[in-house]
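# Residue-level structure breakdown
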Amino acid sequence: MSLERLRVLRELADRGTVAAVAEALSMTPSAVSQQLKVLAREAGVALLEPDGRRVRLTDAGRALVVRADEVLAAMERAVTEMAEYRGKPRGRVRVALFPSGAALLLPHVLAELEDSGVDVVARDEDVPPSEVPRLLADYDVVLTHRDERAPSLSGPRVAAQVLMREPIDVVVAPDHRLARQGAVVPAELADETWISVRTGFPVDDVLRSIATVTGVQPRIAQRLNEFSVIEALVATGYGVALMPRYAVRHPHLVMLRLAGVRAARVYDLATRPHADKRPAVAMVIAAFQTAARRATGAE
């Protein structure tokens, strides 16, 4: 089977439509369809089936995508190994990060890799963990976050490793009635007005846990994913919020530990399976691990 046709099949699994694959690979949709038809002949089995006006992978098609991941990863490793004979590991590694994680870790990662020969191309991608497989179509490494009770992202086409744990605290204005307490229990927050993030993100998962404990649905005034805006609203007394501990920057906010609820988010580093065998990707992962230890005070 042709490597390039396997790549086309993998892109279809990642992107969902022939049109999206054509755009990503700078091909015409008809050329993509033709490559997939040839691959089916090479495989000797149907790889696609109609799904309305689109197509979707058959069971055989999904199985071949997993093998395509392995084959293409092996080819990437071979290219990298040959490059090692010409000198130290080098190459471009595309990294996606959620914004607050980028602010905490990326400066240390870039400093760690300075003069290493590895070129990190970073982009901020603020999406729920469920979107990570889609991101891996365009990135080598994805830094994502999830509620600590949520299942791992690892699966047949995603390799995920836990990088660090970050507690989530309650933040209030300095003149708030709870500001002098070091910690609060959920019952003390039942009547508060909340500034939260969009649904599907770890902070919102903790807020829903508070609702479960208290039996009271939180009164959410605003949903914003920019923590600096949330901090500004809380500081002016507009409401209270849950925030990851290392993301708090506003000098006047009071942070209160949340007792009685498992309240933390986990940072995961996600790649395609076997991608960490590429020396450049392995160096980036190691740099993130060093940055995480510094951020949490583990070193």
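Note that the structure is a prediction, hence the values are computed from the model and not measured. (Residues numbered from 1 in each chain as written. Predicted model: local features only at pLDDT ≥ 70, side-chain atom pairs only at ≥ 80, totals over all residues. Heavy atoms only, no water.)

## Here's the deal with unusual backbone geometry
The backbone phi angle of Ser-26 is positive, close to 55 degrees, even though this residue is not glycine. On the secondary structure map, Ser-26 appears in the loop between helix H2 (18-25) and helix H3 (29-43). (Helix = DSSP H or I, 4+ residues; strand = E, 2+ residues; numbered from the N terminus.)

## Observations concerning the pattern of salt bridges
This structure, assessed with the given rule, holds 28 salt bridges. In this structure, Glu-70 engages Arg-67 in a salt bridge whose closest nitrogen and oxygen atoms are separated by 2.8 Å. Placement of the pair is Glu-70 and Arg-67 together in helix H4 (residues 59-85), with a separation of three residues, close to one helical turn. Close ionic contact of Arg-272 with Asp-69 constitutes a salt bridge, the shortest N to O distance being 3.5 Å. Here Arg-272, found in the loop between strand E12 (264-271) and helix H9 (279-295), pairs with Asp-69, found in helix H4; they are 203 residues apart in sequence, far enough to count as distant. The pair Arg-272 / Asp-69 is uniform in exposure class, with both members buried. One salt-bridge network, held together by shared partners, links Arg-10, Asp-14, Asp-69, Arg-157 and Arg-272. (Salt bridge = Lys/Arg side-chain N within 4 Å of Asp/Glu carboxyl O. Buried < 20%, exposed > 50% of the residue type's maximum accessible area, 1.4 Å probe, protein only.)

## Here we look at H9
Look at H9: 24 Å from first C-alpha to last across 17 residues, which is about the 24 Å you get at 1.5 Å a residue. For H9, every residue scored as buried is listed here: Pro-279, Ala-280, Val-281, Val-284, Ile-285, Ala-287, Phe-288, Thr-290, Ala-291 and Ala-292. Taken from the residues just after H9, Gly-297 is the one with a positive phi, measuring 80 degrees. (Expected span 1.5 Å × (residues − 1).)

## Side note on the packing of aromatic side chains
Applying the stated criterion to the full structure yields one aromatic pair. Ring geometry for Phe-98 and Tyr-267: centres 5.2 Å apart, planes at 70 degrees, overall edge-to-face. With Phe-98 in the loop between strand E3 (91-97) and helix H5 (99-112) and Tyr-267 in strand E12, this pair connects stretches of sequence that are 169 residues apart. The buried category is assigned to Phe-98, whose relative accessible area is 2%. (Phe/Tyr/Trp six-rings, centres within 6.5 Å; stacked < 30°, edge-to-face > 60°.)

## Overview of the UniProt feature "domain: HTH lysR-type" (unreviewed entry) in the protein
Per the UniProt record, the feature "domain: HTH lysR-type" (unreviewed entry) sits at residues 1-58. Structurally, residues 1-58 is divided into 62% helix and 14% strand, and its ends, taken at the C-alpha atoms, are 18 Å apart. (UniProt positions renumbered as here; feature names shortened; annotations may be inferred.)

## Observations concerning the packing of helix H1 (residues 3-15) against H2
Two elements in contact, H1 and H2, have axes whose closest approach is 9 Å; the angle formed by their N-to-C orientations is 120 degrees. When the interaxial angle is binned, H1 and H2 end up oblique. Considering only the axes of H1 and H2, their crossing is right-handed. Of the residues in H2, those in contact with Val-8, Glu-11, Leu-12 and Arg-15 of H1 are Val-18, Ala-20, Val-21, Ala-24 and Leu-25. (Axes fitted to C-alpha atoms, helices over the stretch in contact; angles between N-to-C directions. Parallel < 35°, antiparallel > 145°, perpendicular 65-115°, else oblique. Left-handed = near helix turned anticlockwise from the far one by under 90°. Contact = heavy atoms within 4.5 Å.)

## A closer look at H5
Here H5 contains 14 residues, and its C-alpha end-to-end distance of 19 Å stays within 8% of the 20 Å for a straight helix at 1.5 Å per residue. A maximum bend of about 45 degrees is found in H5 at Leu-105, where proline Pro-107 lies one to four positions downstream. (Bend = angle between axes of the 7 residues up to and from the residue.)

## Digging into the pairing of strand E10 (residues 240-244)
For E10, the buried fraction is high: five of the five residues fall into the buried class. Judged from the four bridges that link them, strand E6 (residues 159-172) and E10 form a sheet pairing that is antiparallel. Bridge pairing links Val-171 to Ala-241 in E10. Examined bridge by bridge, strand E8 (residues 193-196) and E10 share two bridges and lie parallel to one another. Its bridge partner lying in E10, Trp-194 is registered against Val-240. (Pairing = 2+ DSSP bridges.)

## Some remarks on the environment of Thr-28
Relative to the helices and strands, Thr-28 resides in the loop between H2 and H3. Considering only alpha carbons, one finds Thr-28 and Val-18, 10 residues apart in sequence, at a separation of 9.1 Å.

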